[in-house]
Amino acid sequence: MQGLNVTEKGLGYLWACLTSYTGACAYLMLYVAALLYICVFGSRREKEIFIPCSVFLILTVYNPVAPVILNRFFDVNSEYYRFFWITPVVVLVPYLFTRLILTVRGGRERSVITVLILCICLVSGNFVYRNGIQPATNIYKMPDELIQISAIIHEDSEAEYPKAFLEYEYNMQMRQYDPKMQLTVDREDYLNAVSTPYTEDMLEDEAHPQYRLLAFLVRLQPVDREDFLDALESSKTDYIVINKNNPRDTFLLSAGLKKIAETEHHNVFRYEVKEPYDFELVDYSVVY
Amino acid sequence: MAYIVIIALGVLVNFIIYLSFGSLITMGIGKKHRGSSCPILLSSVIGFFLYYCVFFVVCVPPMKYYRPLSMLTKIWTPMVLVIVAASLIMNGKAWVDGFRQWGERIRNWPVFILLILLPVMIQVILVSCTYNFTLDAAYYVANVATSVETDMMNVYDPFTGAWQDHYEMRYFFATYQMQDAVVCQLTGIPALIWTKSVMAVTVILLTNIVYYMIAREMFIPASPAFGPGYEEAGSKSGNSCAGTVRNNELAIPVMMIFMFVVNLTFITIYTSSLFLMTRTYEGKAIVGNLAVITVFYLFIRMNDGSIGKKAWLITFIVCFGAATISSSANMLLPVELTALFIPMLIRKKRPGMLPGYIACVIPGIVFSLVFVLYVKGYFVWYTFPK
C-alpha cells in the first residue's frame, strides 16, 4: 500500500491500511452489521457459513499484530491489503439485503425497502464511474494518438526496434500495443521520477543515463545541454515524444533534434544517434 | 462488428474448453441432488482452473529451458483438442441433459433469468467497451505482446523490451499470461484485444456464474436437508429458505443485482471490486474475485455436505489453478482456506478432512517459499545457458 510502512507504523499499520482500503466506503461497517444480524437472528446454517470465518479473520488478518509479525518474514508493506479481499463482503451484504426484502410481504413494501437499500448502497459506496464512463475509441482500448505515434515512428525509422522516450501515460501503454517499440525508461524509474527529485549524484550516474532524461523532461530540473545529449547517446534513444505543453520543446530543437511530426497533443522528435545500435533478438537457435 | 464477433467467438471457445476440462472432474456431482450428471456451471468454473493447472505443467519445462513460445503452442494446441474431443465423447450426453435442464429453467422462470442476465450484460459491456489506464497492464499485457513478438516466454522485459539474463521469479509460476500469448500467437488476435476484451468478458461471466451458484446455494441449497420448505427451528426472522419456491427463485436475481451494485460502489484503488470492474484481465483480479469466491462457494457446499467425495479434489484444482494465474493467490488462498475450513473441520469433528486441506494449501506455500529463496539470493534461473 503506497506510503504505508509496517516498520514505521507498527501496530498502527493495520488501521492505516484499513482506512486507505475502505476510503469513504462503509461496506465493512455494513458487513459487521450483517454479521451481528446473523449472530442474533440467523439460522444455524447461516451462522456456520459466516460467523467462524469472520471470527478467524478478525483474530488474524484484522489483528494489528499480524502485519508486524508477517513483515518479519515477508515484505507485506505493499500487499497486506489483499488479505481484506478474503472477507466475503460481496456475499454477505447482498445476501442480507435480499433476505430483508423477502421478509417483507407485499409488492409496495418490497419496492420501498429495495429503494431504501439501494440508497444505502449509494451512500455507503463510491461509484466506480463517478468521473464518467470513458468509452474506448478503438478496438485496442488505447488512445488514438498513441497508435498514430507508433505508426509515425516506424515509418520514420529504419530500425525494426526503434527506441523511444515517451511521456508518462504513453510510456506505460506503448508496449501493450506495439512490442516492437523499445523504451528508454522502465515503469519503476518513471514512477520514481514523478514522485522524487533527482540528486546531483543521480544526475552524474553514468550507469543510468535515463535519470538525466527524466530529470530534464519530466521533472523539469536543470541539466546541461551536453549531459542531456550524452544521456540520449548512451541510452541509444532515437525518439522523444512529449506533450505539446512541455516547455522543453524549444530546447530539443536547439539541441539538434528534429521534429518529425506532431499530433493533436504531442510532438515527436528524432535524435540521430552517433553510434547507432540496432537491437536484435537473441539467437536461441545455438542452444537447441 | 468484426470486433464483437472476435470477442463472442473467443469467449464461446473459452467456455467450450473450460466445460470440457471441468466435466472430466465434475462428472456425476450434480446427479444426486439436482438430477443432472453434469453441473454445467460448476464444470465451466472448475474447468477454467483445471485448464490453467494443466497448462502450467506443460508450460514450465519449455519456459525454464528457454524454448520458443511457438514450440509450446505446437504442444498445447493438439493437447487441448484431444482433451476437448475426449470430454465430448465422455460427457456429450450429460451436457445435452444439462443444457436441456437449463432450457426448462429458462422456460419456467424467463423473467428471473432475464433479471439475472441484465446486470451481467451491463458488466460485460462496461468491461469490454471502456477505456481504463492502469499501471500494471504495462507488465501483464505487454508481457503477452512481447512474448508473441519475440517468440520467447518471459525472456524479454515487458516494460522496455530489453533482454533479461534471468527469469523474474515473481512472475515465473504465474503462467496465465503465457496462455494468453499462446492463443494470440495461434489466432493472430492482438494481445490487447485478447486480454482486455476476450479474457475480461470471460472472467466477468465466470465470476457471475459463481455469484449465481452462491445465491442459489444460499436460497435453494443443493442439499435436500436445506431444500425448499426447510425451516429451521429457532429461526426467529423467518429464514428465506422457508419461503415459497417463487420467493426463493426471485431471491437469486435480487441477490445478484445487489452483488453487482456492491461491485459498482465498493470502490477504492485497493478493493477487489475495483479490480473486477476495471482491471478484469489481470491475474490479481481473477484471484481476488473468481478464485476467492469459488473457494467460498465450495466451502458452503462442503459445509452442507452436498458436493460428495470430489470436494477436496475440486478445491485443490481451484487453489493450484489460482496459484498459476497470479502469485497473489500464494498468500491469499492459504489464509482463506484456513479461515473457512479449519473451523469447519473442528466443528464437524472430521480430522479425515485435514489431508485435503493441507494438499490445497501446499501449492501456494511452495510457490511462496521458492520466491523467498529467490529473493534471498539462493538461486537464479538464467534465460541462457551459463
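Residues numbered from 1 in each chain as written. Chains lettered and ligands numbered in written order. Predicted model: local features only at pLDDT ≥ 70, side-chain atom pairs only at ≥ 80, totals over all residues.

### Structural notes on the overall build of chain B
The criterion, for reference: Labels follow the DSSP assignment, with helices taken as runs of H or I lasting at least four residues and strands as runs of E lasting at least two, numbered in each case from the N terminus. To sort residues by exposure, count the other C-beta atoms lying within 10 Å of each residue's C-beta; 20 or more gives buried, 12 or fewer gives exposed, and values between give partly exposed, all with C-beta atoms placed from the backbone.
Check the secondary structure of chain B and you find 15 helices and zero strands. The C-alpha extent of chain B, read off along each of the three principal axes, is 70 × 55 × 45 Å. Out of the 386 residues in chain B, the part that is buried amounts to 54%.

### Observations concerning the domain arrangement of chain A
Filter applied, for reference: The domain boundaries here were taken from an automatic or database domain assignment.
When cut into domains, chain A gives domain 1 (6–124) and domain 2 (144–270). The distance between the C-alpha centroids of domain 1 of chain A and domain 2 of chain A comes to 45 Å.

### A few points about the sheet that holds strand β3 (residues 239–243) of chain A
All names here are of chain A. Rules: Paired strands are those between which DSSP finds at least two bridges. In this description, any two residues whose backbone-derived C-beta atoms lie within 7 Å of each other are considered to be in contact. Angles here are taken between N-to-C directions and fall from 0 to 180 degrees, while the axes themselves are lines fitted to C-alpha atoms, restricted in helices to the stretch in contact.
On the basis of which strands lie adjacent, the open sheet formed by five strands has the order β2-β1-β3-β5-β4 and mixed pairing. A strand with exactly one partner marks an edge of an open sheet, and here the two such strands are β2 (182–183) and β4 (258–262). With two bridges connecting them, strand β1 (residues 163–166) and β2 associate as parallel partners. From the neighbouring strand, A164 faces β2, where its bridge partner is L183. Its contacts with the sheet place helix α8 (residues 144–156) against β1, β3, β4 and β5 (266–270), and it is angled at close to 20° to β5.

### A few points about the environment of B:V287
Residue and element names in this part refer to chain B. Within the secondary structure, V287 sits in helix α12 (residues 283–304). When the 28 C-beta atoms within 10 Å are taken as the criterion, V287 is described as buried. Not counting the four nearest positions on each side in its chain, V287 is found in contact with V292, A322, I325, S326, S328, A329 and L332.

### Digging into unusual backbone geometry
A positive phi angle, near 60°, is found at A:L220, a position not held by glycine. Assignment of secondary structure puts A:L220 in the loop between α12 (210–217) and α13 (225–235).

### Quick look at the confidence of the model for chain B
What counts here: Confidence of the predictor at the level of single residues is given by pLDDT, which spans 0 to 100.
In the predicted model, chain B carries a mean pLDDT of 91, and 92% of its residues have values of at least 70. Considering only residues more than four positions removed or in separate chains, one finds that residues 227–242 of chain B, a stretch of pLDDT under 50, has 27 contacts.

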